[in-house]
Amino acid sequence: MSIKTEKGEQFCFVNDEGTVIYTTEENLRMWKFITSLAREMTGEELNPEVVLVDFEDAAHISIRECFPNASIHAHIHANSHLRLAFSKTDSEEGKWLHAFLGLSLLHPDSVCDGFLTLMEFKDTTWPSAFTEFADYVTDTYASDCARYPPELWAAPPGSGPRTTNAAESFHRHFNDQFRGAHPNIHHLTESLLDIQAGTYIKINSIDRKVAARCDPQVKERQERAKVMYGQFMNGEREMYSYLKIMGFMFKKK
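This one's a predicted model, so the numbers in the text were calculated from it and none came from an experiment. (Residues numbered from 1 in each chain as written. Predicted model: local features only at pLDDT ≥ 70, side-chain atom pairs only at ≥ 80, totals over all residues. Heavy atoms only, no water.)

A. Summary view of the environment of glycine 158. Along the chain, the position of glycine 158 falls in the loop between helix H7 (150-153) and helix H8 (165-175). Ignoring sequence-local partners within four residues, the contact set of glycine 158 consists of Gln222 and Lys226. (Helix = DSSP H or I, 4+ residues; strand = E, 2+ residues; numbered from the N terminus. Contact = heavy atoms within 4.5 Å.)

Set out below in structure tokens:
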């Protein structure tokens, strides 16, 4: 049995007992294996302070059970159904939609005010799809009783990671090593050994306290975002202006 999402993503894996759906139970098994492996190799308990994940309920439940003291952070991406509208940056509708991305760069307590500000700038003559989108944001992200409340995904600009791009990049790189779903065992082993060697190099760099190189453009954008947030907090920049700038600055390319 094969289970896929609308995007064709596979959320199951195969073991000796057959195909197992990637559920909360399987997430728990994975985390328990990782924690036991960490305990065996380091003699210490794995106790992360922050876990970056996507908006997957099964992942959230398993993380809360395994790491009750950890904070879960997620990242909002541009809705694929609104990709065309997001690309029209010169239209008022496009600017308004981009401003929604700026909500993720507010303190969680300010998200509700930011959302209400956005609704004040919504033109009543726009198609009903925009109202439906706003309702979806309210029910899913913006309200205190939302499925994914603001404290899960909203935070002021900082220098720490905010996305799961590193993991997604690893998955893409790993998938690129193979031409089919069932690669030759020798090819698979060789690829895993190459990844292991690269991982050891990174770990040794950390042990030697070698500073990681940061993309100058990313660093400049982070610093600019901090300045903008400071202006917003000091009353030098209004909410809607801040949201529009942040939305365009951190939009998905």
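We are not done yet, so read on.
B. Molecular detail of the pattern of salt bridges. Inspection of the entire model under this criterion finds four salt bridges. Measuring nitrogen to oxygen at the nearest pair gives 2.5 Å for the salt bridge that ties aspartate 57 to arginine 147. Of this pair, aspartate 57 sits in helix H2 (residues 57-66) while arginine 147 sits in the loop between helix H6 (128-142) and H7, and the two are 90 residues apart along the sequence. Given the relative accessible area of 30%, aspartate 57 is considered partly exposed. Between glutamate 223 and lysine 226 there is a salt bridge; the shortest N-O distance is 3.7 Å. Here lysine 226 and glutamate 223 lie together in helix H10 (residues 216-233), a separation of three residues that amounts to about one turn. For lysine 226, a relative accessible area of 32% puts it in the partly exposed group. (Salt bridge = Lys/Arg side-chain N within 4 Å of Asp/Glu carboxyl O. Buried < 20%, exposed > 50% of the residue type's maximum accessible area, 1.4 Å probe, protein only.)

C. Region of interest: the nonpolar core. Core analysis: the biggest nonpolar cluster contains 41 residues, and Trp96, Trp153 and Tyr242 have the highest contact counts within it. Discounting residues that sit within four places of it in the chain, tryptophan 96 has contacts with Leu118, Met119, Phe121, Lys122, Trp126, Phe130, Phe133 and Tyr240. (Core = buried A, V, L, I, M, F, W, Y, C linked by side-chain atoms within 4.5 Å.)

D. Representation of the environment of glutamate 120 within the structure. Its location among the elements puts glutamate 120 in helix H5 (residues 111-120). Of the residues examined, glutamate 120 reaches a relative accessible area of 63% and is grouped as exposed. Here the alpha-carbon distance between glutamate 120 and tyrosine 240, two residues 120 residues apart in the chain, equals 9.6 Å.

E. Layout of helix H4 (residues 92-101). Taking burial as the measure, the 10 residues of H4 include seven buried ones, the bulk of the element. The set of residues buried in H4 consists of Gly94, Trp96, Leu97, His98, Ala99, Phe100 and Leu101.

F. A look at H10. Its 18 residues place the ends of H10 26 Å apart at the C-alpha level, agreeing with the 26 Å of an ideal helix rising 1.5 Å per residue. If you check which residues of H10 are buried, you get Gln222, Ala225, Met228, Tyr229 and Phe232. Down the axis, H10 shows its buried residues gathered within 125° of arc, on one side only. Contacts from the buried residues of H10 go to helix H11 (239-249). Positive phi shows up at glycine 235, right after H10, with a value of about 85°. (Expected span 1.5 Å × (residues − 1). Arc of directions from axis to C-beta.)

G. Local environment of the side chain of serine 104. You can see serine 104 is positioned in the loop between H4 and H5. Setting aside its immediate chain neighbours within four residues, serine 104 contacts Trp153, Ala154, Ala155 and Arg162.

H. A look at the packing of H4 against H6. Running from amino to carboxyl end, H4 crosses H6 at an angle of 5°, the nearest separation of the two axes being 12 Å. When the interaxial angle is binned, H4 and H6 end up roughly parallel. Listed contacts from H6 to Glu93, Trp96, Leu97 and Phe100 of H4 are Phe130, Phe133 and Val137. Of the residues in the contact of H4 with H6, the class split is six nonpolar, no polar and one charged. (Axes fitted to C-alpha atoms, helices over the stretch in contact; angles between N-to-C directions. Parallel < 35°, antiparallel > 145°, perpendicular 65-115°, else oblique. Nonpolar A, V, L, I, M, F, W, Y, C, P; charged D, E, K, R; others polar.)

I. Main features of the packing of H5 against H11. Contact pair H5 / H11: the axes reach a minimum separation of 9 Å and the direction vectors enclose 95°. Judged on the interaxial angle alone, H11 and H5 are roughly perpendicular. Together, Asp113, Gly114, Thr117 and Leu118 of H5 and Met239, Tyr240 and Leu243 of H11 make up the contact between the two elements. When the residues that make up the contact of H5 with H11 are grouped by side-chain class, the tally is four nonpolar, two polar and one charged.

J. Structural detail: the packing of aromatic side chains. A full pass over the atoms with the stated rule returns 17 aromatic pairs. Taking the centre distance of 3.9 Å and the plane angle of 10° together, the rings of phenylalanine 121 and tyrosine 240 count as stacked. Here tyrosine 240 lies in helix H11 and phenylalanine 121 lies in the loop between H5 and H6, a separation of 119 residues in the sequence. Through successive ring pairs, a cluster of aromatic residues spans Trp96, Phe100, Phe115, Trp126, Phe130 and Phe133. (Phe/Tyr/Trp six-rings, centres within 6.5 Å; stacked < 30°, edge-to-face > 60°.)

K. Representation of the side chain of threonine 140. Structurally, threonine 140 can be placed in helix H6. Ignoring sequence-local partners within four residues, the contact set of threonine 140 consists of Ala146, Arg147 and Tyr148.

L. Up close: the environment of arginine 39. On the secondary structure map, arginine 39 appears in helix H1 (residues 24-42). A residue is classified by how much of its surface remains accessible, and arginine 39, at 37% relative accessible area, is partly exposed. Once residues within four sequence positions are removed from consideration, arginine 39 is found in contact with Glu44 and Glu45.

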